[in-house]
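Here is how the chains run, residue by residue.
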Amino acid sequence: MSDGTIVAEETAAAGNATPPDTGGAMPDSGVVVPDSSAAGADSSLAGPGSGAAGPISGPAGQDAGRNGAAPASKAGRNLPAALAVGCALGFSLIAILLWAPKVLIGVIAVAIAVATWEVAKRLREADVLVPRIPLLVGGQAIIWLAWPSGPQGVLGAFGATALSVMIWRLFDHGLSATPRNYLRDTAIAIFTLSWIPLLAAFAVLMLLEHDGNLRVLTFMILVVCSDVGGYVAGVLFGKHPMVPHISPKKSWEGFGGSLVFCVIGGLLTVTLLLQANSMIGVLLGVALVLVATSGDLIESQVKRELGIKDMGTLLPGHGGIMDRLDSMLPSAFVAWLVLTALL
């Protein structure tokens, strides 16, 4: 045996050997290597309330607390911080809804402005130049015009903002410059406008009903039920991935937990808070599980394509404001639609 071979074997025994050159091919070890494009981009890494389907239990993602990082749950988050922030936000919103419901319009407006800024910033980091000023100003118009003008005000503000985005992006580099990626950037900007302020406006429209504070409280409780049910069932029982190429930690067991929690929550809240038929609660519970899960997956895919873990860093244990609104926004629209049609 040559000296070079002895050195190589000793180095390998110490765990520092360099594998032989295989021409770029990796030997078949039977281990599935996750898609590298998903690294850090999946919102299913969030703590409680992070997604309706819940994380898959197992060793994956349990090393987040090593090397000096904050203690993390199986879902990859600092669970104590996530719970503290979630409880503080929840109790604050409940207090506003019970004692000063109209204040919630201002809270929604601020949250939507921050969420829009977070998304626009992330998009521009990826060289998607969405016009931030029209999005921010138009988003506020969509929220605030819902108060005096109802759906007509929301629709009018949305149309005016969409047109402003098209014109702004056309000339944002001056009259003599040729627009670059105009169609892509404009389409994504209008998607952002629809995704955040337009969907949020339905929470304001719901709030303006005669029992609007209780309707908003009902839909918020159901989204929390969906998130908590998915998280608990996913951590305890999650084995079967739901949509692994979008959100690898979401499981069918977690989705089942979301469904059970949300239907029970719907029965109780619609019956006790809204004094309505319990079957409306069942329908609303099922609908919100489906749409809350879809909302979380939509943001997961957006973050996956941008190669990021969170939209922002404002909320410890959660990420950004948008990371907390991903399930709420589409759920606001569906809750408004169901309750308006059936109550």
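Please refer to the structure higher up on the page.
Since we're looking at a predicted model, the values are computed, not measured. (Residues numbered from 1 in each chain as written. Predicted model: local features only at pLDDT ≥ 70, side-chain atom pairs only at ≥ 80, totals over all residues. Heavy atoms only, no water.)

S.K.: Help me understand a nonpolar patch on the surface in this model?
M.R.: Together, Val224, Val228, Val232, Leu236, Phe237, Val260, Phe261, Ile264, Leu268 and Leu272 make up an exposed nonpolar region whose accessible area comes to about 900 Å². Contributing elements (two or more residues each) for the nonpolar patch: α6 (212–237) and α7 (252–272). Residue placement: Val224 occurs in helix α6. (Patch = residues over 30% accessible without salt bridge, like charges linked within 9 Å, V, L, I, M, F, W, Y side chains within 5 Å. Areas by Shrake-Rupley, 256 points an atom, 1.4 Å probe, with all protein chains shown as cover. Salt bridge = Lys/Arg side-chain N within 4 Å of Asp/Glu carboxyl O. Helix = DSSP H or I, 4+ residues; strand = E, 2+ residues; numbered from the N terminus.)

S.K.: Looking at this structure, how should I read the pattern of salt bridges?
M.R.: Where side chains of opposite charge bring their charged atoms close, a pairing between them can arise. For the structure shown, the criterion picks out 10 salt bridges. Taking the shortest distance from any N to any O, the salt bridge between Arg215 and Asp211 comes out at 2.8 Å. Neither Arg215 nor Asp211 differs from the other in exposure class; each is buried. With its nearest N and O atoms 3.7 Å apart, the salt bridge here joins Glu299 to Lys303. Taken together, the residues span about one helical turn, with Glu299 and Lys303 both in helix α8 (residues 278–306) at a distance of four residues. Taken together, the shared-partner salt bridges connect Arg169, Asp172, Arg184 and Asp185 into one network. (Buried < 20%, exposed > 50% of the residue type's maximum accessible area, 1.4 Å probe, protein only.)

S.K.: How should the pairing of strand β2 (residues 247–251) be read in this particular structure?
M.R.: Each regular strand carries side chains that alternate between the two faces of the sheet. Within β2, four of the five residues are buried, which leaves it mostly tucked inside the rest of the structure. Counting the residues that bridge the hairpin from strand β1 (residues 241–243) to β2 gives three residues. (Pairing = 2+ DSSP bridges.)

S.K.: Help me understand unusual backbone geometry in this model?
M.R.: Leave glycine aside and you will find that most residues have negative phi; peptide bonds, for their part, are mostly trans. Located in the positive-phi region is Asp127, a residue other than glycine, with phi close to 70°. Mapped onto the fold, Asp127 is located in the loop between α3 (103–125) and α4 (132–171). Positive phi is not limited to glycine here, since Gln275 has a value of about 55°. Examined against the element boundaries, Gln275 turns out to sit in the loop between α7 and α8.

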